[in-house]
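The chain contents come next:
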Amino acid sequence: MNFSSALFPDRTRSFSGKRWVKIALRTLHLIGTAGAGGGFLYGASEGFWLPYWWLTLGSGVALVAIELWSNGVWRVQVRGAAVLAKLVMLSCIPLLPEAGGAILILIIAISAVSSHAPASVRYFSLLHGRRIETLSEPAQRA
């Protein structure tokens, strides 16, 4: 297996219990978001919201790692771009704690839209300019 095929497998990879691992990580992610959001929006000290922020960031990175390992197509789709943008924004919060509430609200808005958008939007490839399911699809459909 070369580096390219490791990053962009021909077929989607999976593992036993993947769905439950992702459900558990999403649950932790929501708990972290709620705790960090409460801390930001109600002006709590960093000592209160920082553990929740770490939980949000850590669970988000774990979810990204699973998606990246599972199928490389995720990297070029709107759904992947939205998650990576949210991780960048979340990473900025400790640098701009006074803007933490606004940043978190923007992250939640992006999450709601990108998670519940039609598949034609979520699976749209920014690289191909159309919806794709795998990277092995031809560049242009006839």
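Below is a summary of the structure that appears in this document. Not measured: the values here are computed from a predicted model.

### Remarks on the nonpolar core
Then, in step 1: Grouped together as the largest cluster of nonpolar side chains are 14 residues, with contacts concentrated most on F40, W53, L90 and I93.
Then, in step 2: For this core, the secondary structure elements donating two or more residues are helix 2 (18–41), helix 3 (46–70), helix 4 (78–92) and helix 5 (100–116).
Then, in step 3: Ranked by residue count, the leading element in this core is helix 3, at 4 residues.
Then, in step 4: Filtering out sequence-adjacent residues up to four positions away, W53 remains in contact with A36, L90, S91, I93 and P94.

### Some words on the side chain of R13
Then, in step 1: Relative to the helices and strands, R13 resides in the loop between helix 1 (3–7) and helix 2.
Then, in step 2: You can call R13 buried: its relative accessible area is 16%.
Then, in step 3: A polar contact of 2.7 Å, which involves the side chain of R13, links it to the backbone oxygen of W69.

### What about the environment of L87?
Then, in step 1: You can see L87 is positioned in helix 4.
Then, in step 2: As for L87 and V61, which are separated by 26 residues in sequence, their C-alpha atoms are 7.7 Å apart.
Then, in step 3: Ignoring any residue separated from it by four or fewer positions in sequence, one finds L87 in contact with L57, G60, V61 and V64.

Conventions adopted
Residues numbered from 1 in each chain as written. Predicted model: local features only at pLDDT ≥ 70, side-chain atom pairs only at ≥ 80, totals over all residues. Heavy atoms only, no water. Core = buried A, V, L, I, M, F, W, Y, C linked by side-chain atoms within 4.5 Å. Buried < 20%, exposed > 50% of the residue type's maximum accessible area, 1.4 Å probe, protein only. Helix = DSSP H or I, 4+ residues; strand = E, 2+ residues; numbered from the N terminus. Contact = heavy atoms within 4.5 Å. Polar contact = N/O pair within 3.5 Å; in protein donor to acceptor, adjacent residues only side chain to side chain.

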